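Here is how the chains run, residue by residue.
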Amino acid sequence: MFSKEIYIQRRAILRQKMGSGLILIPGNQESPMNYTENTYHFRQDSTFLYFFGLDLPGMFGVIDVDNNLDLLYANDVDIEDIIWMGPQKSVAEQAFTVGVDVTAPLEKLNQTIERAINGGRKVHFIPPYRAANMIQLSSLLGIKTCKLKQYSSLALIQSIVSMRSIKDAAEIAEIELACATGYEMHVTAMKMAQPGIMEQQIAGILEGMALSKGTGTSFPIILTQNGETLHNHNHSFPLEAGRLMIVDAGAESNGHYASDFTRTIPVGGKFSQKQKDIYNIVLAANNTGLSLTKPGVTYQSVHLKVARVIAAGLKDLGFINGDVDEAVASGAHALFFPHGLGHMMGLDVHDMEDYGQIHVGYDSQVRPIDQFGTAYLRLGRKLEPGFVITNEPGIYFIPALIEKWEKEGINKEFINFEKAKSYIGFGGIRLEDDVLVTETGARLLGKRIPIDPEDVETVVASGRN
Ligand code: GLY
Ligand code: MN
C-alpha cells in the first residue's frame, strides 16, 4: 500500500475530473471455490485498490463529488470473526490509513445511494465483471444485471483511464518488483527445461516463486511445448529433447502490480537451425518493437511495422511470397502472428480491461483495425510518457488455421501453404518484455531476461545435472 497522501490525491483528481455526482467504487468480496467458507485466493478489485488501497474483502468506496467527501462502507468484525481470523483493525482505523474519515456499515450504503438518486444526482459506476458485484450493484441501483453495462459511466471510465494509464514513480517501483520476480521465474524455467521433467513441475515451482515474493502470478501460467496454442494452460506433458517450451508468466508485487514476460526455450539446451531461424525473426521483431516505442507514435503503427519484420523474415524463409508491404496490408502475416503486439500493464496484467478495451487501447483518433490478427491488438493509441506496455511478438504454426486458410484460399497469393504445413508440430515462439514509455523513448522494466539464443542455451545448460 502507498502512503495515504497518494490515495487522497487520486480521489481529489478524480473529483476534479468528474465535476459532479456520486462515484461508486465497489471492492471485491470473497469468492467461494466449492462451498461458502472455502474461498479462492482473495484478489481485490484494481479500481478499488487504486483509489482506496485497502486489500480486504467486503468494502465499498464512495466518492461524493458534490459534497467533497470520501466514504468507506464496510462492516466491523464481530467476536466470531476474531476467534477464527484473529484481531482485526476497525473499519475506521483501516479507512484512516488511506485518508478516509467517514465510514459506515454496509447497510447504510442503500440510503446514501437512494438519497442521491432521489435528489436527481448522477450516480457513476464502472461495469462490474464479477457476478457478486453485479448483484450488489443491481440491488443498490434498481438496475437489472443485464443492463448494468449499458448504464455504466463513460465519463468515469474515461477519467480513470486518463489517470491509471500514466504510472507514477511509486507504481513503476512496484512493477519493477514484479519484474524482478518474473526474471527469477523465467531463469528458473530455463534451468529446469531438461528432458523428462513434467511441464507441471516447472509451472508449480514458478507459481510458488510468485507467491513467495508477492501475491502470486498475475495470470494463470502458460507453459507448454504446444506453444502454437496461444494461451495453453495444459501442463500435462513430459519435456522432450529438441522441442520448444513457451513460458508466458508474470508475478504480482505485494501491492498487486503485474509483470508479464514470455520466453521460448529449447528443451535440453540447443536450438536446431530450423528453430533458430524462426526465433531470430521473433527476436528482431521484439527489438524492432522496443526501438520504435516512444511518445507520440501509435502502438498500432508499431504493431504494423513489427508485422512487417515478421513477414519479411518469413519471406526470406519461403513462407510468404510477393511484396511484403502488400502481404502485411492484406493481413497475410496473421497466419503466423495472429495476435496483437501488446497491451497496457499495471494493477491488471491487461490493465483496465474490465472497463472495455476500446476505452483503454483506443480513442477518437485511433480506432481498431478490423482485420484478423490486428483486430486483437489491445493497445493501438498514441503512446505517452508513463505508459507501461508489453511488447510480445510471436510466430506460430497453428494446424487448424493453416488448414482453414488453405481450404478457403485466404491470402493464397501470399502464402506458401506447402511450406507452412511442413512446420506443423513446430509449435510457436513468443518473446515478451515489459516496457516503460519515457519522455524520449522507452526502457525495459526489470533486468532483461536472457533472450539472445546463445544466452538462453547457456542458462538451460547451467541447469543440467
Ligand atoms: N501474457 C498473457 C497475455 O498477455 O495475454
Ligand atoms: Mn502479455
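As a convention, each chain's residues are numbered from 1 in the sequence order in which they are written. Working convention: letters from A go to chains and numbers from 1 go to ligands, in the order in which they are written. It should be noted that, the model being predicted, local features are given only for residues of pLDDT at least 70 and side-chain atom pairs only at 80 or more, the latter also being counted only at that level, while totals for whole chains, interfaces and linings use all residues. In computing side-chain properties, one takes all heavy atoms of the structure into account and sets aside hydrogens as well as water.

A few words now on unusual backbone geometry. Look at His256: it is not a glycine, yet its phi comes out positive at around 75 degrees. Every helix listed is a DSSP run of H or I at least four residues long, and every strand listed is a run of E at least two residues long, numbered separately from the N terminus. Of note, His256 is situated in the loop between strand 11 (251–252) and strand 12 (261–266). When accessible area is computed with a 1.4 Å probe and restricted to protein chains, residues below 20% of their type maximum are described as buried, those above 50% as exposed, and intermediate ones as partly exposed. Note on His256: relative accessible area 3%, which makes it buried. Here the phi dihedral of Asn411 falls at roughly 50 degrees; this positive angle occurs in a residue that is not glycine. Here Asn411 is to be found in the loop between helix 15 (399–408) and helix 16 (417–422).

Turning next to the site of ligand 1. Consider each residue's heavy atoms; a residue with any of them within 4 Å of a molecule or strand counts as near. Neighbouring ligand 1 are Phe219, His231, Asp248, Asp260, His343, His350, Glu392 and Glu432. Asp260 places a polar side-chain atom, nitrogen or oxygen, 2.8 Å from a nitrogen atom of ligand 1. The protein chains hide 95% of the 200 Å² of surface that ligand 1 would expose on its own. Throughout, the ten residues Ala, Val, Leu, Ile, Met, Phe, Trp, Tyr, Cys and Pro are labelled nonpolar, Asp, Glu, Lys and Arg are labelled charged, and all others, Gly among them, are labelled polar. Grouping the constituent residues of the shell around ligand 1 by class yields one nonpolar, three polar and four charged. Polar contacts, as counted here, are pairs of nitrogen or oxygen atoms within 3.5 Å of one another; within protein the pair requires one atom able to donate a hydrogen and one able to accept it, and residues that are adjacent in sequence qualify only if both atoms are side-chain atoms. All accessibility values rest on the Shrake-Rupley procedure with a 1.4 Å probe; residue burial counts only the protein chains present in the view.

This paragraph deals with helix 8 (residues 154–164). Of the positions making up helix 8, those classed as buried are Leu156, Ile157, Ser159, Ile160, Val161, Met163 and Arg164. On its buried face, helix 8 is in contact with helix 1 (4–18), strand 1 (22–26), helix 2 (46–52), strand 7 (123–124) and helix 14 (357–361). Only heavy atoms enter the contact rule, under which two residues are in contact if any of them lie within 4.5 Å.

Gaps left between atoms show up when a probe the size of a water molecule is rolled over them. Cavity and pocket criteria rest on a 1 Å grid covering protein atoms alone: a 1.4 Å probe that fits but cannot get out defines a cavity, protein on both sides within 12 Å along at least 5 of 7 lines defines an open pocket, and an atom within 4 Å of a point defines a lining residue. Grid points are joined across faces, edges and corners, and a volume is the space filled by probe spheres set on the points. Overall, the coordinates contain two cavities of 30 Å³ or more when judged by the stated rule. There is about 90 Å³ of room inside the largest cavity. Considering the residues around the largest cavity, the lining is formed by Ile25, Pro26, Asp45, Thr47, Ile126, Pro127, Pro128, Tyr129, Asn133, Leu137 and Asp354. The residue inventory of the lining of the largest cavity, partitioned by class, reads seven nonpolar, two polar and two charged. A volume near 30 Å³ is recorded for the second largest cavity. Along the walls of the second largest cavity sit Phe261, Arg263, Asp433, Asp434, Leu444, Leu445, Gly446, Lys447, Arg448 and Ile449, which together make up its complete lining. Listed by contribution, the elements that provide at least two residues to the lining of the second largest cavity are strand 12 and strand 16 (433–437). Here the lining of the second largest cavity is composed, by residue class, of four nonpolar, one polar and five charged.

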